[in-house]
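Each chain, written out:
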There are 2 protein chains.
Amino acid sequence: SVTPNGMAVSLAINAVISVVGGVMVARTIPAVTFMFLKAGLSGRDLCKPDKESKVPESMGLVTGCVFLIVMFLFLGVAFGQHFLNPTKLFPHAAFSEYLTSLLCICCMLLLGFADDVLNLKWRYKLVLPTVASLPLLMVYYVNLGSTTVVMPKLLRPWIGLTLNIGPLYYIYMAMLAVFCTNTINIYAGINGLESGQTVVAGASVALFNIIELSSSQAFSHYFSLCLLLPFIATSLALYYHNRYPARAFVGDTFTYFSGMTFAVVAIIGHFSKTVLLFFMPQIFNFLYSIPQLFRLVPCPRHRLPRYNEKLDKVEASEAEINESEMRWWVLAALKVLHRLKLVHLRRGTGPDSGKLFINNLTLINLTLLWSGPCHEGTLTNTLLILQILSSALAFVIRYPLADLFF
Amino acid sequence: SVTPNGMAVSLAINAVISVVGGVMVARTIPAVTFMFLKAGLSGRDLCKPDKESKVPESMGLVTGCVFLIVMFLFLGVAFGQHFLNPTKLFPHAAFSEYLTSLLCICCMLLLGFADDVLNLKWRYKLVLPTVASLPLLMVYYVNLGSTTVVMPKLLRPWIGLTLNIGPLYYIYMAMLAVFCTNTINIYAGINGLESGQTVVAGASVALFNIIELSSSQAFSHYFSLCLLLPFIATSLALYYHNRYPARAFVGDTFTYFSGMTFAVVAIIGHFSKTVLLFFMPQIFNFLYSIPQLFRLVPCPRHRLPRYNEKLDKVEASEAEINESEMRWWVLAALKVLHRLKLVHLRRGTGPDSGKLFINNLTLINLTLLWSGPCHEGTLTNTLLILQILSSALAFVIRYPLADLFF
Ligand SMILES: [Mg+2]
Ligand SMILES: [Mg+2]
């Protein structure tokens, strides 16, 4: 119902408000730092010589609140034309897509902040996002309702062009919110990584949306852009304060907010598989972490890299393996992965002689194994470049390659 | 579009989920008390012999989150019939009323919790609720858009039956949210009052809605009831833990949540004047507080009653007046009010001799002046009975009296 011209005007307005929002975030964070520290919302920066100085935590709250304000103002402008020109029918369906998206995002912001303050138990963290995505699924059902999946060419002779997976599709979407949130949440721990990966992934999805603006699904991608521009602008401002050396930590507030925003645009925009393509480093990190998450391999409380004070560099951290308690097949698998240079097993020397150590299973530590110890700022930049490269790969998979298979 | 029969079924389902929600709140509060205390979200109970023991603060977070969960589940049921029967048009307008209401309430819950944790500055507390009510005003505009006010009979010869006050009406509605929130917030301080007044006012509005279900505006009142039933149930469960002797404090989280819920039902239900009738004690307390809020009279940091340990009773607390710094007309006015027994001026004796004292200007202290020192639990009960009586008066004003003037 929105003309291409109308979309361009709206997006321009959205971009302007987003930039203002970004500036607001950048200025508000230093102004509220004292408030956060006073409230005890702070963390120690473990990869620094001075481990005692406090950095304000949960600054995602500022990002999220400004994001909501920008969206409220934008909605006033975008739908304002209908107020001035009330002869046309108001686009209720489109409006409720925005409302439900913001409702889900606001719920996750609340949940994330509550988690930062209260350290919620796991069951709350899994149940609440699922309930929070209910209205989103309802709007999806009402407005589009497609639960068909396009089949790869290989399977078409047996299954047909598309397959309607019905309720399974809703379960998949509800899980998407939980999945996005948690994969970002565990790919974290060094200065600038949480906010940086969000900016890169957000910009990649936005680029994809811009390309698709000329497709038949233009409206979905326009909708996604309207959420992503303020999201990228406010996250970028957060990155500015979160990058090495961090003057602000993002908190679960930000990772929850960020994960839900990706899930929302993917669901309403109906491009959830493509969004997952832009999450390749996060997904790899999640799969790589599984042995520790499920305690097949011992998992220490913190898995972030170890700070080497002498070099002022970070290096891969390790977990000690108790060989007698390990299942034989896990140990055998680890030895194969060691050969493939995907994990690093090491016999201790000196006082630890005889003990077996394994690097903590995160993409951050794996990168350090390959590159050797490096400066924390350099490490974040390396990982962000990896994120950019994987986005480039995602575009190759999505366009030239997908044409081969779909 | 909803039939009376459909409404009755929906309301019955809503009531059942609400009761389950209330039980959930009642059980969750003791279970999370330790978490809240550990996070430092606690306050001292100043009207008790043991001033050091900590009571968990911000329990409104539990109430608010369960309220949202109940509403999400209810929406699934209420609009679910349209999913099973997709030939009928989906009632987008009604659905977006729910979405925007929940969005506003969720924003206020977040703001209130942030205030409890961070102690926000006043400008944030005034600006953010106003921005948060923007989508609500948009939905109001789109779905009903009436900005006319019915004139009292006396004025009709000059102005006519109704007056369209246009944009002023929107400003009034935006202010309603800020007003409801803050009047509840300052009528607080003794065990059980915040949650108790909310339950009484909520039940009064719900009763009004039930009466109006047979009117031409049935749908608005049905909508209001769907929000109020879970609101009352979850608040009642909070009252159970908040009443004397308090095992939980409600926090700004609850007063913000509560204020916005009243504003939302009043705006979408288009009965904002009637809601204000049920807020008479709160409005009186606000007006009575004005001299202290605007610093015409000295205002100490806490205005709650003073605990008298010997009697185990509370009595009106006082502020010291520096006569030389007072404007003459304020002092004259206070003397008149003293004659009317609306304030209590007192010359100090003993070490304070010569000094002038005035009771802190809250309805709580005024009640104590009239009743004499009393037990804290008794005081709350007295104030809640006052709230019930004022609700009864509100019904008299709304029905028999309004017919005379309108
Ligand atoms: Mg946490
Ligand atoms: Mg406060």
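A quick note: this is a predicted structure, and the numbers were derived from the prediction, not measured. (Residues numbered from 1 in each chain as written. Chains lettered and ligands numbered in written order. Predicted model: local features only at pLDDT ≥ 70, side-chain atom pairs only at ≥ 80, totals over all residues. Heavy atoms only, no water.)

Peer 1: Give a description of helix H2 (residues 60–78) of chain B that names residues and reports values.
Peer 2: An α-helix turns once every 3.6 residues. As a result, residues three or four positions apart point the same way. Here H2 of chain B spans 26 Å end to end across 19 residues, near enough to the 27 Å set by a 1.5 Å rise per residue. With 15 of its 19 residues buried, H2 of chain B lies for the most part within the structure. (Helix = DSSP H or I, 4+ residues; strand = E, 2+ residues; numbered from the N terminus. Expected span 1.5 Å × (residues − 1). Buried < 20%, exposed > 50% of the residue type's maximum accessible area, 1.4 Å probe, protein only.)

Peer 1: If you had to explain the sheet that holds strand S8 (residues 345–347) of chain A to someone new, which residues and values would you point to?
Peer 2: Residues and elements named next belong to chain A. In space, the 3 strands of this open sheet follow the order S7-S9-S8, with antiparallel pairing throughout. Looking at the sheet topology across the chains shown, the edges are occupied by strand S7 (318–321) and S8. The average angle at which neighbouring strand axes cross in this sheet is 30 degrees, direction not considered. (Pairing = 2+ DSSP bridges. Axes fitted to C-alpha atoms, helices over the stretch in contact; angles between N-to-C directions.)

Peer 1: Provide a residue-level description of the pattern of salt bridges, including the pertinent values.
Peer 2: Scanning the entire structure with this criterion turns up 14 salt bridges over all chains. Here Glu-315 of chain A ties to Arg-306 of chain A by a salt bridge, and the two come within 3.5 Å at their closest N and O atoms. The partner of Arg-346 of chain B in a salt bridge is Glu-318 of chain B, and the shortest N-O contact between them spans 2.7 Å. Note that Arg-346 of chain B is positioned in strand S8 (residues 345–347) and Glu-318 of chain B in strand S7 (residues 318–321), a separation of 28 residues in sequence. Among the charged side chains, a salt-bridge network with shared partners connects Asp-45, Lys-48 and Glu-376 of chain A. (Salt bridge = Lys/Arg side-chain N within 4 Å of Asp/Glu carboxyl O.)

Peer 1: Explain the packing of helix H1 (residues 4–38) of chain B against H2 of chain B to me, and be specific about the residues and the numbers.
Peer 2: All names here are of chain B. The geometry of H1 relative to H2 is characterised by a closest axis approach of 8 Å and an angle of 150 degrees between their N-to-C directions. Classified by the angle their axes make, H1 and H2 are roughly antiparallel. Taken as a pair, H1 and H2 cross one another with a handedness that is right-handed. Here H1 contributes Ser-10, Ile-13, Asn-14, Ile-17, Ser-18, Gly-21, Met-24, Val-25, Thr-28, Ile-29, Val-32 and Phe-36 to the contact with H2, which in turn contributes Leu-61, Val-62, Thr-63, Val-66, Val-70, Leu-73, Phe-74, Val-77 and Ala-78. When the residues that make up the contact of H1 with H2 are grouped by side-chain class, the tally is 15 nonpolar, 6 polar and no charged. (Parallel < 35°, antiparallel > 145°, perpendicular 65-115°, else oblique. Left-handed = near helix turned anticlockwise from the far one by under 90°. Contact = heavy atoms within 4.5 Å. Nonpolar A, V, L, I, M, F, W, Y, C, P; charged D, E, K, R; others polar.)

Peer 1: Residues and numbers for the packing of aromatic side chains, please.
Peer 2: Applying the stated rule across the entire model yields 43 aromatic pairs over all chains. Residues Phe-179 of chain A and Phe-286 of chain A carry aromatic rings whose centres are separated by 5.6 Å and whose planes lie at 90 degrees to one another, so their mutual orientation is edge-to-face. Of the two residues, Phe-179 of chain A is situated in helix H8 (residues 167–186) and Phe-286 of chain A in helix H13 (residues 280–293); the sequence distance between them amounts to 107 residues. Note on Phe-179 of chain A: relative accessible area 26%, which makes it partly exposed. An angle of 55 degrees between the planes, with centres 6.4 Å apart, marks the rings of Phe-208 of chain A and Phe-278 of chain A as tilted. Within this pair, whereas Phe-208 of chain A is found in helix H9 (residues 193–212), its partner Phe-278 of chain A is found in the loop between helix H12 (272–277) and H13, the two being separated by 70 residues in sequence. As far as burial versus exposure is concerned, Phe-208 of chain A and Phe-278 of chain A are alike and both buried. Here the guanidinium or amino end of Arg-123 of chain B rests over the ring plane of Tyr-124 of chain B, the centre of that ring lying 5.5 Å away. The residue whose ring lies beneath Lys-125 of chain B is Trp-122 of chain B, and the NZ or CZ to ring-centre distance is 4.9 Å. (Phe/Tyr/Trp six-rings, centres within 6.5 Å; stacked < 30°, edge-to-face > 60°. Lys NZ or Arg CZ within 6 Å of the ring centre and 35° of its normal.)

Peer 1: Report on the sheet that holds strand S9 (residues 356–359) of chain B, specifying residues and quantitative values.
Peer 2: Strand pairing within a sheet occurs via backbone hydrogen bonds; the two strands may be parallel or antiparallel. Residues and elements named next belong to chain B. Pairing within the open sheet is antiparallel, and its 3 strands lie in the order S7-S9-S8. Either end of the sheet is taken by a strand with one partner, and the two such strands are S7 and S8. Neighbour to neighbour, the strand axes of the sheet diverge by 30 degrees on average, direction disregarded. As paired strands, S8 and S9 are joined by 3 bridges and run antiparallel to one another. Bridging from a neighbouring strand, Leu-345 pairs with Ile-358 of S9.

Peer 1: Can you break down a nonpolar patch on the surface residue by residue, with the values?
Peer 2: A surface patch of nonpolar side chains, about 560 Å² in accessible area, is lined by Leu-154, Leu-155, Trp-158, Ile-159 and Leu-163 of chain A. Tracing the backbone through its elements, the reader meets Leu-155 of chain A in the loop between strand S3 (148–150) and helix H7 (156–159). (Patch = residues over 30% accessible without salt bridge, like charges linked within 9 Å, V, L, I, M, F, W, Y side chains within 5 Å. Areas by Shrake-Rupley, 256 points an atom, 1.4 Å probe, with all protein chains shown as cover.)

Peer 1: Describe the interface of chain A and chain B, and please don't skip the residues or the numbers.
Peer 2: Listed per partner, the contact involves 46 residues of chain A and 46 residues of chain B. Carbon and sulfur atoms supply 88% of the area that chain A and chain B bury against each other, a total of about 4,000 Å² over both sides. There are 0 salt bridges connecting chain A and chain B. Connecting chain A to chain B are 0 residue pairs in polar contact (both at pLDDT 80 or more). With 16 residues, the top contributor of residues to the side of chain A that touches chain B is helix H4 (residues 92–118) of chain A. For the side of chain A that touches chain B, the class distribution of residues is 39 nonpolar, 7 polar and no charged. (Buried area = accessible area lost by both parts, 1.4 Å probe. Polar contact = N/O pair within 3.5 Å; in protein donor to acceptor, adjacent residues only side chain to side chain.)

Peer 1: Let's hear about the confidence of the model for chain A: which residues, and what values?
Peer 2: Detail in the predicted coordinates should be disregarded across regions flagged by low pLDDT. When pLDDT is averaged along chain A, the result is 89, and 97% of the positions lie at 70 or above. ipTM for the predicted complex: 0.91, alongside a pTM of 0.92. (pLDDT = per-residue confidence, 0-100.)

Peer 1: How would you sum up the relation of the copies chain A and chain B? Please name residues and give values.
Peer 2: Put simply, the two copies of the chain differ by a rotation about an axis and a shift along that axis. Once chain A is rotated about the relating axis by 180 degrees and shifted along it by 0.0 Å, it coincides with chain B to within an RMSD of 0.0 Å. Given the turn and translation reported, the copies of this chain are related as if by a two-fold rotation axis. Here 100% of the contact residues of chain A are again contact residues in chain B; the copies associate through an equivalent surface. (Least-squares fit on C-alpha atoms with pLDDT ≥ 70 in both.)

Peer 1: With reference to specific residues and values, describe unusual backbone geometry.
Peer 2: Negative phi characterises most residues that are not glycine, and trans characterises most peptide bonds. Residues and elements named next belong to chain A. Of note, the bond from Tyr-244 into Pro-245 is cis; its omega dihedral lies within 30 degrees of zero at -10 degrees. Positionally, Pro-245 belongs in the loop between helix H10 (218–242) and helix H11 (251–268). In this structure, Arg-295 takes a positive phi of about 60 degrees despite not being glycine. By the secondary structure assignment, Arg-295 is in the loop between H13 and strand S5 (306–308). Residue Arg-295 is classed as exposed on the basis of its relative accessible area of 55%.

Peer 1: I'd like a rundown of the environment of Asp-50 of chain B, residues and numbers included.
Peer 2: All names here are of chain B. Counting through the fold element by element, Asp-50 comes out in the loop between strand S1 (42–44) and strand S2 (54–56). For Asp-50, a relative accessible area of 42% corresponds to the partly exposed category. Considering only alpha carbons, one finds Asp-50 and Leu-161, 111 residues apart in sequence, at a separation of 60 Å. One polar contact links the side chain of Asp-50 to the main-chain amide nitrogen of Ser-53, over a distance of 3.4 Å.

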